[in-house]
Amino acid sequence: MANVERKNSDLHQETVRLNKFLALAGIGSRRSNDELIRSGAVKVNDRPIHELGTKVDPRSDRVTVHGQQVGMEEKKVYLLFNKPKDCITTVKDERGRTTVLSYVRVKQRIYPVGRLDRNTTGVLLLTNDGELALALTHPRYEIERVYRVVLDRPIEDGDIAKIKKGIKLEDGVVKVLAVEVIPKEKRRKLFISLHEGKNREVRRIFEALDYEVSQLERLAFAGLTASGLKRGEWRKLNQKEVEYLKGLSGKVGSKKGHSGGE
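Right, let's walk through the structure included here. Keep in mind that what you see is a predicted model, and the values were worked out from it rather than measured.

### Let's talk about the packing of aromatic side chains
- In this structure the tally under the stated criterion is 1 aromatic pair.
- Ring centres 5.6 Å apart and planes at 40 degrees place the aromatic pair Phe-81 and Tyr-103 in the tilted group. Note that Phe-81 is positioned in strand E7 (residues 78-83) and Tyr-103 in the loop between E7 and strand E8 (111-112), a separation of 22 residues in sequence.
- Under the relative-accessibility criterion, Tyr-103 is labelled partly exposed at 32%.
- Lying over the aromatic face of Tyr-211, Arg-153 brings its terminal NZ or CZ to 3.8 Å of the ring centre.

Structure below.
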């Protein structure tokens, strides 16, 4: 099996799935990149790759698509987007649905840091800094995400206790940092804070307890909020915010420092 993988404790030397690397390089969605890989159009260190699941080292492996090397050497941009409902968290959709690039238009090839599902609104970071994006979504750095949740029925105290203890999902146990019911909202609205980053984890937490999430908004990511931005609006991060994110992800400094946000 072709698998370009190296073991190293430093994130800069950790491997990432090839389809994700290509997506971060602006080539296409992970699904479309899987088709590229199957077709043999992708080479790693001049070796044709056909097998899905192949991993590469973004710092040292040479990746080409149709003979053209791909990487992340453009001028780096860092954007914060207040994602509206019915917007796909990808740069391209084969079904012609609205994507983040329907709202955010810059000359650089950018991509979302992590994902929000179609009906989830709120804070989303976009960048062409693939190394930082990988770090911010890596479980090691425990990047905090804060959500406002609206349920179909009042939540019970026993279920809040279960959430705090940890909910077992098919891909592992999700432990939250905090959960708080919003006063005077008939126990249907609450805040939840976590740093797992699993796919659809908030919705799946409540589905596991037989609740339906009717509204879900991400209020903050790594301390950054969408304060001052209407739905569908975006802005560039300032230098202090960028340095703060890099510090959180271990790229510079330490986890201490600027608290982020507006």
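### Some words on the nonpolar core
- Within the largest apolar cluster, 39 residues are counted, with the highest numbers of intra-cluster contacts made by Leu-18, Leu-22, Val-63 and Leu-125.
- For this core, the secondary structure elements donating two or more residues are helix H1 (18-24), helix H2 (30-39), strand E2 (42-44), strand E5 (63-65), E7, strand E9 (121-127), helix H3 (130-136) and helix H6 (239-248).
- At 5 residues, H3 tops the list of elements feeding residues into this core.
- With residues near it in sequence (within four places) discarded, Val-63 still touches Leu-18, Phe-21, Leu-22, Val-42, Lys-43, Val-44, Val-56, Gln-68, Gln-69 and Val-70.

### Concerning the environment of Leu-22
- Structurally, Leu-22 can be placed in helix H1.
- A relative accessible area of 0% places Leu-22 in the buried class.
- Between the C-alpha atoms of Leu-22 and Asp-34, which are 12 residues apart in sequence, the distance is 9.6 Å.
- Non-local contacts of Leu-22, meaning those with residues more than four positions away in its chain, are made with Ile-27, Gly-28, Asn-33, Ile-37, Val-42, Val-63, Val-65 and Val-70.

### Some words on empty space enclosed by the protein
- In total, this model carries 2 cavities of 30 Å³ or more according to the counting rule given.
- In this structure, the largest cavity spans a volume of roughly 50 Å³.
- Breaking the lining of the largest cavity down by element, the ones donating at least two residues are E7, E9 and H3.
- Sorting elements by how many residues they give to the lining of the largest cavity places E9 first, with 3 residues.
- Each pocket or cavity is described by its volume, and for the second largest cavity that value is around 30 Å³.
- Considering the residues around the second largest cavity, the lining is formed by Arg-17, Leu-18, Asn-19, Asp-34, Ile-37, Leu-52, Gly-53 and Thr-54.
- Secondary structure elements with two or more residues in the lining of the second largest cavity: H1 and H2.
- Grouping the constituent residues of the lining of the second largest cavity by class yields 3 nonpolar, 3 polar and 2 charged.

### Considering the sheet that holds strand E6 (residues 68-70)
- Judged by pairing direction, the sheet is antiparallel, and its 4 strands sit side by side in the order E3-E2-E5-E6 without closing on themselves. Edge strands, defined here as strands with exactly one partner in the open sheet, are strand E3 (47-48) and E6.
- One ladder, built from 2 bridges, connects E2 with E3; its direction is antiparallel. When the sheet's bridge partners are listed, Val-44 is paired in E3 with Arg-47.

### Regarding the layout of surface pockets
- Of the volumes computed, that of the second largest pocket is approximately 190 Å³.
- Every residue lining the second largest pocket is listed: Lys-75, Lys-76, Val-77, Tyr-78, Val-106, Lys-107, Gln-108, Lys-236, Leu-237, Asn-238, Gln-239 and Val-242.
- Grouping the amino acids of the lining of the second largest pocket by side-chain chemistry returns 5 nonpolar, 3 polar and 4 charged.

### Examining helix H4 (residues 157-165)
- Those residues of H4 lying buried are Asp-159, Ile-160 and Ile-163. On an axial view of H4, the arc spanned by its buried residues comes to 105 degrees, and they lie on one face. Counted as exposed and oriented over 90 degrees from the buried face of H4: Asp-157, Lys-164 and Lys-165.
- A positive backbone phi angle near 125 degrees is found at Gly-166, which sits one or two residues after H4.

What counts and how
Residues numbered from 1 in each chain as written. Predicted model: local features only at pLDDT ≥ 70, side-chain atom pairs only at ≥ 80, totals over all residues. Heavy atoms only, no water. Phe/Tyr/Trp six-rings, centres within 6.5 Å; stacked < 30°, edge-to-face > 60°. Helix = DSSP H or I, 4+ residues; strand = E, 2+ residues; numbered from the N terminus. Buried < 20%, exposed > 50% of the residue type's maximum accessible area, 1.4 Å probe, protein only. Lys NZ or Arg CZ within 6 Å of the ring centre and 35° of its normal. Core = buried A, V, L, I, M, F, W, Y, C linked by side-chain atoms within 4.5 Å. Contact = heavy atoms within 4.5 Å. 1 Å grid on protein atoms, 1.4 Å probe; cavity = no way out; pocket = protein on both sides within 12 Å on 5 of 7 lines; lining within 4 Å. Points joined across faces, edges and corners; volume = space filled by probe spheres on them. Nonpolar A, V, L, I, M, F, W, Y, C, P; charged D, E, K, R; others polar. Pairing = 2+ DSSP bridges. Arc of directions from axis to C-beta.

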